[in-house]
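Each chain, written out:
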Amino acid sequence: MATLRKYKQTGRKGIAVLLDPDKVEQDAFSALLDLTHQHPVDFFFVGGSLVTEYTHRELIAAIRARTDVPVILFPGNSLHIEPTADGVLLLSLISGRNPEFLIGQHVIAAPLLKKSGLEILPTGYMVVDSGAPTTVSYISGTMPLPHDKPSVAACTAMAGEMLGLQLMYMDAGSGARRPVSAEMIEAVRQAVDLPIVVGGGINTPDRATAALEAGADLIVVGNSLEKNPGLLPQLVAVVDAYR
Ligand code: 1GP
């Protein structure tokens with residue numbers, strides 16, 4: 001698997017499509033998978049902070065039936081571990097101060113993960129304020145990083161890198177009105193030498209360009225592609241320009 005860890009080392013940039021098991025709508029999902037044949041994406045992320053239909057296994061099987069793009073779990077908690085994926089973002093919610101999402105869920109998941117054979121990707125997860133409450137902040141009981149405090153994000157990322165985390169994921173939350181700012185991405189880019197993943201509200205080619213220009217290695221797009229799979233070719237074209 002073209003592991004996500006190598007993105008920074010190789011200078012490669014990429015796009016991951018986030019599929020939330022609760023929101024997958026069959027026609028749009030089929031259209032999206034068809035489009036990825038001509039407009040290849042780097043990863044499918046599967047998950048979300050609150051999932052009510054536990055259909056990860058079926059969703060992964062449906063992806064595998066149509067494409068060989070690696071599938072990475074984006075779990076909201078330890079119940080969302082599905083061994084048929086390729087890897088898992090082991091998220092440590094370092095923007096928050098809730099021990100449950102810094103270590104608690106990890107302890108519960110550890111024996112399952114050890115047996116699973118999944119590639120474990122220790123990830124510093126930073127939720128960034130997007131101007132409105134997000135599901136992830138509410139469910140995790142944490143305050144997001146202030147949108148206009150790049151230095152706080154930079155120090156948080158530095159601490160995460162020193163603790164041994166291997167990726168940084170800055171997320172404005174699914175459907176965010178305001179994505180993570182270029183200033184904040186730039187500050188984190190300067191602060192750490194890790195692959196940087198950015199998501200939340202990236203719903204236009206311009207927003208994708210802004211995140212990549214500022215230093216993101218991988219952008220994550222969910223909501224806008226669920227609503228409009230036809231956006232995929234434009235987003236892939238933006239990423240291709242950096243390949
Ligand atoms: C959310 O980063 C992801 O966790 C993707 O966000 O659904 O807004 O694209 P969107």
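Not measured: the values here are computed from a predicted model.

Cut-offs and rules
Residues numbered from 1 in each chain as written. Predicted model: local features only at pLDDT ≥ 70, side-chain atom pairs only at ≥ 80, totals over all residues. Heavy atoms only, no water. Near = heavy atom within 4 Å. Polar contact = N/O pair within 3.5 Å; in protein donor to acceptor, adjacent residues only side chain to side chain. Areas by Shrake-Rupley, 256 points an atom, 1.4 Å probe, with all protein chains shown as cover. Nonpolar A, V, L, I, M, F, W, Y, C, P; charged D, E, K, R; others polar. Buried < 20%, exposed > 50% of the residue type's maximum accessible area, 1.4 Å probe, protein only. Helix = DSSP H or I, 4+ residues; strand = E, 2+ residues; numbered from the N terminus. Pairing = 2+ DSSP bridges. Right-handed = clockwise from strand over helix to strand, strands pointing away. Expected span 1.5 Å × (residues − 1). Arc of directions from axis to C-beta. Contact = heavy atoms within 4.5 Å. UniProt positions renumbered as here; feature names shortened; annotations may be inferred.

### Some words on the site of the ligand
Item 1. Around the ligand, a shell composed of 13 residues is seen, among which D171, S174, G175, G222 and N223 lie nearest.
Item 2. Between the ligand and G200 there is a distance of 3.1 Å, counted from an oxygen atom to a backbone nitrogen or oxygen.
Item 3. Protein chains bury 96% of the 310 Å² of accessible surface belonging to the ligand in isolation.
Item 4. Tallied by class, residues from the shell around the ligand come to four nonpolar, eight polar and one charged.

### Description of the pairing of strand β6 (residues 167-171)
The two faces of the sheet receive side chains in turn, since in a regular strand these alternate between them.
Item 1. Extensive coverage of β6 is indicated by the burial of five of its five residues.
Item 2. By the alternation rule, side chains of β6 split into L167, Y169 and D171 and M168 and M170, which are all buried.
Item 3. The pairing of strand β5 (residues 119-127) with β6 spans five bridges and is parallel. Looking across to β6, one finds that M126 is bridged to M170.
Item 4. Since β6 and strand β7 (residues 196-199) lie parallel, the crossover through helix α7 (residues 182-191) that links them has a hand, and here it is right-handed.

### Comments concerning helix α6 (residues 150-162)
Item 1. For α6, with 13 residues, the first-to-last C-alpha span of 18 Å sits near the 18 Å given by 1.5 Å per residue.
Item 2. When α6 is considered as a whole, its buried residues turn out to be A153, A154, T156, A157 and G160. Projected onto a plane normal to the axis of α6, the buried residues spread over an arc of 165 degrees and lie on a single side.
Item 3. Residues of α6 that are buried in the fold lie against β5, β6 and α7.

### Regarding the UniProt feature "binding site: sn-glycerol 1-phosphate" (unreviewed entry) in the protein chain
Item 1. Mapped onto this structure's residue numbering, the UniProt feature "binding site: sn-glycerol 1-phosphate" (unreviewed entry) falls at Y169, M170, D171, A172, G173, S174, G175, G200, G201, G222 and N223.
Item 2. Along the polypeptide, G173 turns up in the loop between β6 and α7.
Item 3. Taking the relative accessible area as the measure of exposure, G173 reaches 2% and is therefore buried.
Item 4. For G173, the contacting residues outside a window of four places in its chain are T134, G200 and G201.

### A few points about the pairing of strand β4 (residues 87-92)
Item 1. Burial analysis of β4 places five of its six residues in the buried class, the great majority of the element.
Item 2. Two strands pair when backbone bridges link them, and strand β3 (residues 71-74) and β4 are joined in this way by two bridges, in the parallel orientation. The residue bridging I72 from the neighbouring strand is G87, located in β4.
Item 3. Direction of pairing for β4 relative to β5: parallel, over a ladder of six bridges. Directly across from L90, in β5, lies its bridge partner P122.
Item 4. Where the polypeptide runs from β4 across helix α4 (residues 99-116) and back to β5, its parallel neighbour, the crossover connection is right-handed.

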